[in-house]
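So the chains spell out like this:
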Amino acid sequence: MRETLVLNASFEPLATVSLRRAVVLVMQDKAVVEQAHPGLRIRASAVEVPVPRVIRLSRYVRVPFRRQAPWTRRGVLVRDRHRCAYCGRRATTVDHVMPRSRGGADSWLNTVAACAEDNHRKADRTPEQAGMRLLTRPFEPTPSESLLFTLGADSRAALPSWLAEPA
């Protein structure tokens, strides 16, 4: 199912929602389509709507300040674009750089995406002990970046320039 980015009335990213939820918000005049998928439309008996990629709420919604994005396994895979941090192949698991058994935490800076083979090969060791090198270093995304990451690398490049580059 397609993900749609929801912007506040002030153009700040708020969340991603399903295509169905995005269309409902547009149909109820609670949001307007800022960017649509080219050539794709949703048709019903009396209405035709472009398939939204980015929508903007019509009214400003006050959101409590979020200092950091919440850590999730899915978030780590999306941040690393489903690429193994050790070999670059498709990643399906999350690896703890410092194993949990040795005090490593479930955090953005201690986890990377990894393919099952490399995760198994590294096992309960640090990358140095396993003789493995990290191709990319883990980092903590801002809440806005984590929302943009969920749109994927292909969609991110197709976003308007004012939205593709996080501030």
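Heads up: these notes are all about the structure in this document. (Residues numbered from 1 in each chain as written. Predicted model: local features only at pLDDT ≥ 70, side-chain atom pairs only at ≥ 80, totals over all residues. Heavy atoms only, no water.)

### Comments concerning unusual backbone geometry
In plain terms, the rule: Burial classes follow relative accessibility: with a 1.4 Å probe on protein chains only, a residue under 20% of its type's maximum area counts as buried, one over 50% as exposed, and anything between as partly exposed. Note on conventions: DSSP H or I runs of at least 4 residues are helices, E runs of at least 2 residues are strands, and numbering of each starts at the N terminus.
Positive phi, normally seen in glycine, also occurs at Phe11, with a value near 70°. Taking relative accessible area as the criterion, Phe11 reaches 37% and is therefore assigned partly exposed. Positive phi outside glycine occurs at Ala123, with the angle close to 55°. Structurally, Ala123 can be placed in the loop between helix 3 (116–122) and helix 4 (127–130).

### Observations regarding the state of the cysteines
Under the convention used in this document: Two cysteine sulfur atoms form a disulfide, by the criterion used here, when they sit within 2.5 Å.
Within this structure, the stated rule accounts for zero disulfides. Left without a disulfide partner, Cys87 is nearest to the cysteine sulfur of Cys84, which lies 3.7 Å away. Accessibility expressed as a relative area gives 32% for Cys87, which makes it partly exposed. The cysteine Cys115 is free of any disulfide, with Cys87 supplying the nearest cysteine sulfur at 3.8 Å. We classify Cys115 as buried; its relative accessible area is 2%.

### Some thoughts on the environment of Ala116
Selection criterion: Here a residue-residue contact requires only that any non-hydrogen atoms of the pair lie within 4.5 Å.
Within the secondary structure, Ala116 sits in helix 3. In sequence terms Ala116 and Ala91 are 25 residues apart; their C-alpha atoms lie 7.2 Å from each other. Ala116 has contacts with Thr92 and Thr93, leaving out every residue within four places of it along the chain.

### Here's the deal with helix 1 (residues 19–27)
Selection rule: Taken from the helix axis, the directions to the C-beta atoms give the arc we talk about.
Considered for burial, the residues of helix 1 that qualify are Leu19, Ala22, Val23, Leu25 and Val26. Summarising the axial view, the buried residues of helix 1 lie within an arc of 160°, below the 170-degree limit, and thus occupy one face. Contacts made by the buried residues of helix 1 are with strand 1 (3–7), strand 2 (13–18), strand 3 (31–43) and strand 4 (48–57). Phi for Asp29, located one or two positions after helix 1, is positive at around 60°.

### Things to note about the pairing of strand 1
Inclusion rule: A strand pair is defined by DSSP finding two or more bridges across the two strands.
Burial of strand 1 is extensive: four of the five residues sit out of reach of the surface. In this sheet, strand 2 lies alongside strand 1 in antiparallel orientation, the contact comprising five bridges. Residue Glu3 lies in a different strand from strand 2, and its bridge partner there is Ser18. Between strand 1 and strand 2, which pair antiparallel in sequence order, lie five residues; one of them, Phe11, sits at a positive phi of approximately 70°. Bridge count for strand 1 against strand 4 is three bridges, and the pairing is parallel.

### Some thoughts on the sheet that holds strand 1
Put simply, the test is: The convention used is that axes are lines fitted to C-alpha atoms, helices contributing only their stretch in contact, and that angles between N-to-C directions extend from 0 to 180 degrees.
Read from one edge to the other, the open sheet built from four strands follows the order 2-1-4-3, with strand pairing classed as mixed. A strand with exactly one partner marks an edge of an open sheet, and here the two such strands are strand 2 and strand 3. Strand-to-strand twist of the sheet, defined as the mean angle between neighbouring strand axes without regard to direction, takes the value 35°. Its contacts with the sheet put helix 1 on strand 1, strand 2, strand 3 and strand 4, and the angle it makes with strand 4 is roughly 90°.

### Let's talk about the nonpolar core
The condition that has to hold: As used in this record, nonpolar core signifies buried Ala, Val, Leu, Ile, Met, Phe, Trp, Tyr and Cys residues forming a set joined through side-chain atoms within 4.5 Å.
Counting residues in each nonpolar core, the largest one holds 17 residues, and the members touching the most others are Leu77, Cys84, Tyr86, Ala91, Val112 and Leu134. The element contributing the most residues to this core is strand 6 (residues 111–114), with three residues. In this structure, Val112 is in contact with Val76, Arg79, Asp80, Ala85, Tyr86, Thr93, Val94, Asp95, Val97, Leu134 and Pro138, ignoring residues within four places of it in sequence. Among the nonpolar cores identified, the runner-up in size contains ten residues, and Val6, Leu14, Ala31 and Val49 belong to it.

The analysis is restricted to geometry; functional conclusions fall outside its scope.
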